Every structure is written in structure tokens, then in C-alpha cells.
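Observations on the model geometry
Here's the letter readout for the chains.
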Amino acid sequence: MKAALFVEPGKMTVTETEKPTLENSTDAVIRVIRACVCGSDLWWYRGISHRDPNSLAGHEAIGIVDEAGSDLKNIKQGDFVIVPFTHGCGHCAACLAGFDGDCLNGPQGGNGYQAEYVRYENADWGLVKIPGKPEDYTDEMLNNFLALADVMATGFHAATSAEVKKGDTVVVMGDGAVGLSGVLSAKLLGAKRIIAMSRHEDRQKLAKEFGATDIIPERGDEAVQKVMELTKTGADAVLECVGTEQSVDTAVKAGRPGAIVGRVGVPQKAEMNTNNLFWKNIGLRGGIASVTTDDKNVLLDAVLNDEINPGKVFTKRFDLDHIQDAYEAMDKREAIKSLLVISEK
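My aim in this report is to walk through the structure given alongside it, one point at a time. Since this is a predicted model, take the numbers as computed values, not measurements.

1. Some remarks on the packing of aromatic side chains
Under the criterion given, the structure shown has seven aromatic pairs. Here Phe80 and Phe145 contribute two aromatic rings whose centre-to-centre distance is 6.1 Å and whose plane-to-plane angle is 85°, an arrangement assigned as edge-to-face. Of this pair, Phe80 sits in strand E6 (residues 80-83) while Phe145 sits in helix H4 (residues 139-147), placing them 65 residues apart in sequence. Taken individually, Phe80 and Phe145 each receive the classification buried, so the pair is uniform in this respect. Ring pairing ties together the aromatic residues Phe6, Trp44, Tyr45 and Tyr327, which thus form one cluster. Geometry around Tyr117 places Lys19 over its ring, the cationic atom sitting 4.4 Å from the centre.

Rendered as C-alpha cells:
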């Protein structure tokens, strides 16, 4: 089968590799229909974080169950599914508490999804079944489903971690696909005012379409000053969807006393000064998204009922043979998020 391969920083290619097989009775093998490139993939693509050379890439997909393990009861061959990057078992303490991204009985994250087939662990609970089959849906709806494999669920995790509620004023740090999904999530949860931090016109436009009421292009303390001018007191909730030291620092400063920062940006620095949290009674929560939990409880129905259309973050599409182009488009900010069409339904 074909699969995307990380060669070295700045270089992706497509390779031929063996189709995955069932290794455990709780596995499923998925025929991938659509996958995509994640903003977090750019950290190692740019050489900022380490990734082993010549390793398979990708952690977001939708597809059809090609093989089902013998112990699976809920998932069967032919099911149309969202393939989360998380592999929650559904019965450990973390999953039962709603944090399947931290499952105690499985891998902390999947890989190799930018491929024609992928093996998925803990399939019975971790996979999210979509009603019907791919042919029943429009191209736009398939993109919406794909967004639920990671990016929309991660933005929603930021919003719920920050305890966004009806009538809140929310600041969203980051204008990538996760940040834009955070805007959409804040709107879904009833926020009255949503301030998006963005300096790129195409992302500002989508942020407003998703529900942003204000745009702040400044960074750092200038951005904090703008937030204070707009809100007088600071935001009720802040969604941190970047992961850099500056973004976290700005997020903490932009909150009113007693606000909560929902942090989902992959951390890029091991240490962080937490004193500013103390002096303003700011809460800091968040981490790996609870993809399966939130998809099953809220997000899949929201998509099916046309309440949200997160697939609009996919602004360029590619096939697997053009994987280098897909990464370059995101690296150069020519695409908000690159879609990979692996097979035609």
C-alpha cells in the first residue's frame, strides 16, 4: 500500500509498505478515505521537534473498516468510521472520567494515518461510527467528519477545559485549524463575544464566519492591551491553541481574575513561569483532546444536524502522491489545513 513517509525535516515522500494486519483481537484495519496534515506535524517537519527519519506520518482519518478483530462487538467490517488519533479503551479510569486522550490501557496517540490503510487499537470503543456510508454524504460533509478525528475535537477540548458557557467573553490564541475550531466551539457553547488573535486575512475571514466578533492582529503585551481595551476586565475564558511560551504567557495575561485558560497547543518549552496564574487566580487546564468522548457526546450530532461545519478549515486538497506539496502548503501558510483524498468513497 501507499503511505506518507517523513524522510527528514522539510522532506516528505510517498512509499510502498506492507498493508497493516490485525495484531490483537481488539484491533481493526481501516481503509482510509480521507486524511490530512495537522499543525502539530509541522513541528517535526520544520525540525523544531524530533521525529525519527523514515517513519510513517499522520494521525487523522475517516474510512471503512476493512478487517475487524474477533473480540469486537460494536465495530464490524464495512462500518464507516471516524478514526481518532486517540485510542481510548472506554473502561479505564481516564476514559470513564471523559479523558480518553489519556487512556491507561492503550497507546497515547496513533500514527501512520496518511496511508491507504491503518491499524487501529481499542477499536470497539475508540472508533466513532458514522451513520450510513460515505456515498450518502456530500464532499463538504465528509470534510466535517474528518475534522472530528482531531482538529475540531481539540478546539472543543480547549473550550470545555476553559469552561466556556453561555454569555461568556472568550479569547482564542492561534488562527490555525485548531484555533479556528476553538472559535467554532466557543460559539457552539454559547459564548457572546469571541476575540480571535489573527494576523492573516484568510483566517480572520473564517474566524468571523465561525463566530468571532473581534479580531486582534497584535502579539504579546500589545495584544493583551487590546483585549483590555475591548473587555475592560479581561476575558472569562481563554483558549490557548498554539503551544509557544509567548502564546501561553499572553493567554494568562488576557484573562480576568478567576478566568480559566484551556490549553491544547502542544507545549514547545519544558518550563513555564506560573506566578502570573497565582496573582490573578487564573486556572490552567487542558491537554490531549478527548476525541471519542466529545465526538460521541456532542460533536458528531452537531455536524449531522448542521450546527457546525468544521470541515471549512480544509482549504487545499491533495492526493497521497503529492504529500510534499500538502506539507509545503501548510508550512508556507498557503493552506489553513491540507486535505488528503486517499480514495474516492
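From this point, the discussion proceeds with the structure in view.
2. Concerning the pattern of salt bridges
Pairing between side chains becomes possible if they bear opposite charge and their charged atoms approach one another. Summed over all chains, the structure comprises 21 salt bridges. Across the pair Lys2 and Asp321 runs a salt bridge, and its minimum N-O distance is 3.1 Å. In this pair, Lys2 is assigned in strand E1 (residues 2-8) and Asp321 in the loop between strand E15 (314-318) and helix H12 (323-331), connecting sequence segments 319 residues apart. The exposure class of Asp321 is partly exposed, given its relative accessible area of 43%. Connected through shared salt-bridge partners, Glu23, Asp27, Arg119 and Glu121 make up one network.

3. Description of the sheet that holds E1
The antiparallel open sheet is built from three strands, whose spatial order is E2-E1-E4. The sheet is open, and its two borders are formed by strand E2 (11-16) and strand E4 (55-56), each paired with just one other strand. The sheet contacts of H12 involve E1 and E2, and relative to E2 the element is tilted by about 155°.

4. What about the nonpolar core?
Counting residues in each nonpolar core, the largest one holds 56 residues, and the members touching the most others are Phe80, Ile82, Phe145, Val164, Val170, Leu239 and Val313. Not counting residues within four places of it along the chain, the set of residues in contact with Val164 comprises Ala159, Val170, Ala186, Leu189, Ala191, Ala237 and Leu239. Among the nonpolar cores identified, the runner-up in size contains 33 residues, and Met12, Val83, Leu320 and Tyr327 belong to it.

The rules behind the values
Residues numbered from 1 in each chain as written. Predicted model: local features only at pLDDT ≥ 70, side-chain atom pairs only at ≥ 80, totals over all residues. Heavy atoms only, no water. Phe/Tyr/Trp six-rings, centres within 6.5 Å; stacked < 30°, edge-to-face > 60°. Helix = DSSP H or I, 4+ residues; strand = E, 2+ residues; numbered from the N terminus. Buried < 20%, exposed > 50% of the residue type's maximum accessible area, 1.4 Å probe, protein only. Lys NZ or Arg CZ within 6 Å of the ring centre and 35° of its normal. Salt bridge = Lys/Arg side-chain N within 4 Å of Asp/Glu carboxyl O. Pairing = 2+ DSSP bridges. Contact = heavy atoms within 4.5 Å. Axes fitted to C-alpha atoms, helices over the stretch in contact; angles between N-to-C directions. Core = buried A, V, L, I, M, F, W, Y, C linked by side-chain atoms within 4.5 Å.

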